[in-house]
Amino acid sequence: MAKVSLFNSKGENIGTVDLKDEVFAIEPNFDVIWRYIDMQLTNSRAGTASTKTRGEVSGGGRKPWIQKHTGRARQGSIRAPHWRHGGVAHGPKPRVYFKRLNKKMKRLALKSALSLRLKEENLIVVDEIKFERPKTKDLREVLKNLGLENQKVLVVLPKKVEEYVNVKISGRNIPGVKVIIADNPGVDRTNIDGLNVYDILNHDKLVLLQGTVQKIEEVLG
């Protein structure tokens, strides 16, 4: 099994953690990773872009001038696309952007992203981070102890309880830091709510709690 150092919130090395090879030490599949990120970013698009055609803009109900004998090009409406304030030809209209991946590909993409972070030595496991109340200063201190100041960091918490929610709130005002909760209600056992490939790869460092590692291995192992 793969091994990684275990730290406490003071940045002290207090041991090691065994990680399942089938989750954290597979050969990354970059094709599936790309497909997952493409799906994720596509599905996040609102699809509300809209332009008006020549039939939807106001005005232009009559010919601007007669057809012949003016010396000018014939025109049928001042709201044609080549006129100022005219309609837009072939412009965007509201649409639904949607792509999907099957469950096996989602699992493989997540495991590939986690394995890539471990291979790069950018995965850090912490025994516990809990706050009695939200305080940005406290989370900054934890990140400083771990040597993660001024870096893009993704912190993944195991479940939605008050102490962890306080940690998540504490990370809102720290630039480059994102805190998510990998809480799975059991609806889809092939994924973990909140944990996604884009966030894992969009941050330089990945911080997992021991409880998060257990949850990931339970769901993806």
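What you see is a predicted model, and the numbers here were worked out from it, not measured in a lab.

Colleague: Is there a simple way to explain the packing of helix α2 (residues 30-43) against helix α3 (residues 103-119) in this structure?
Modeller: Two elements in contact, α2 and α3, have axes separated by 8 Å at closest approach and are oriented at 110 degrees. In terms of their interaxial angle, α2 and α3 are classed as roughly perpendicular. Once α2 is placed against α3, the crossing between them reads as left-handed. Side by side, α2 and α3 meet where F30, V32, I33, R35, Y36 and M39 of the first sit next to M105, K106, L108, A109, S112, A113 and L116 of the second. When its residues are assigned to classes, the contact of α2 with α3 shows ten nonpolar, one polar and two charged.

Colleague: Would you mind going over the pattern of salt bridges with me for this structure?
Modeller: Side chains carrying opposite charge are able to pair once their charged atoms draw close together. Scanning all chains against the criterion turns up six salt bridges. Linking K3 and D18 is a salt bridge whose minimum nitrogen-to-oxygen distance equals 2.6 Å. You can see K3 sitting in strand β1 (residues 2-7) and its partner D18 sitting in strand β2 (residues 13-19), a full 15 residues away along the chain. A relative accessible area of 36% means that D18 is categorised as partly exposed. Here E120 makes a salt bridge to R117, at a shortest N to O gap of 2.3 Å.

Colleague: Please explain the packing of α3 against helix α7 (residues 210-220) as it appears in this structure.
Modeller: For any two helices packed against each other, one specifies the crossing angle of their axes together with the interaxial distance. In contact at an axis separation of 11 Å, α3 and α7 are set at 145 degrees when each is read in the N-to-C sense. Two packed elements cross with a definite hand, and for α3 against α7 that hand is left-handed. Residues R107, L110, K111 and L114 of α3 touch α7, and the partners they reach there are I216, V219 and L220. Class assignment of the residues belonging to the contact of α3 with α7 gives a composition of five nonpolar, no polar and two charged.

Colleague: Explanation requested: the sheet that holds strand β3 (residues 123-126) in the structure shown.
Modeller: Sheet strands associate in pairs through backbone hydrogen bonding, adopting either a parallel or an antiparallel arrangement. Overall, mixed pairing links the six strands, which are arranged β2-β1-β3-β6-β4-β5 in an open sheet. Edge positions in the open sheet fall to β2 and β5 (177-181), since each of these has one partner strand only. In this sheet, adjacent strand axes meet at a mean angle of 30 degrees when their direction is disregarded. Those strands touched by helix α5 (residues 162-170) are β4 (153-157), β5 and β6 (205-209), and its axis lies near 155 degrees from that of β5. In the packing of α7 onto the sheet, the strands contacted are β1, β2, β3, β4 and β6, and the crossing angle to β6 comes to about 90 degrees.

Colleague: Looking at this structure, how should I read the environment of I33?
Modeller: Positionally, I33 belongs in helix α2. Sequence separation of I33 and A109 is 76 residues, and the distance between their C-alpha atoms is 4.9 Å. Other than its neighbours up to four places away in sequence, I33 contacts A109, S112, A113, V197 and L201.

Colleague: Before we go on, may I ask you to explain the packing of aromatic side chains in this structure?
Modeller: Given two aromatic rings, one states the distance between the centres and the angle between the planes to describe the pair. For the structure on display, the rule yields one aromatic pair. On the basis of an interplanar angle of 45 degrees and a centroid distance of 6.1 Å, the ring pair of W65 and W83 is categorised as tilted. Placement of the pair is W65 in the loop between α2 and α3 and W83 in the loop between α2 and α3, with a sequence separation of 18 residues. Given a relative accessible area of 19%, W65 falls into the buried group. Classification of W83 by relative accessible area gives partly exposed; the value is 26%.

Colleague: Would you take a moment to explain the pairing of β3 for this structure?
Modeller: Across a regular strand the side chains alternate sides, sitting on one face of the sheet and then on the other. Of the two faces of β3, the one holding L123 and V125 and the one holding I124 and V126 are both buried throughout. As paired strands, β1 and β3 are joined by two bridges and run parallel to one another. The residue of β3 that forms the bridge with L6 is V125.

About the cut-offs
Residues numbered from 1 in each chain as written. Predicted model: local features only at pLDDT ≥ 70, side-chain atom pairs only at ≥ 80, totals over all residues. Heavy atoms only, no water. Axes fitted to C-alpha atoms, helices over the stretch in contact; angles between N-to-C directions. Helix = DSSP H or I, 4+ residues; strand = E, 2+ residues; numbered from the N terminus. Parallel < 35°, antiparallel > 145°, perpendicular 65-115°, else oblique. Left-handed = near helix turned anticlockwise from the far one by under 90°. Contact = heavy atoms within 4.5 Å. Nonpolar A, V, L, I, M, F, W, Y, C, P; charged D, E, K, R; others polar. Salt bridge = Lys/Arg side-chain N within 4 Å of Asp/Glu carboxyl O. Buried < 20%, exposed > 50% of the residue type's maximum accessible area, 1.4 Å probe, protein only. Pairing = 2+ DSSP bridges. Phe/Tyr/Trp six-rings, centres within 6.5 Å; stacked < 30°, edge-to-face > 60°.

Scope: geometric values only; no functional claims are made or implied.
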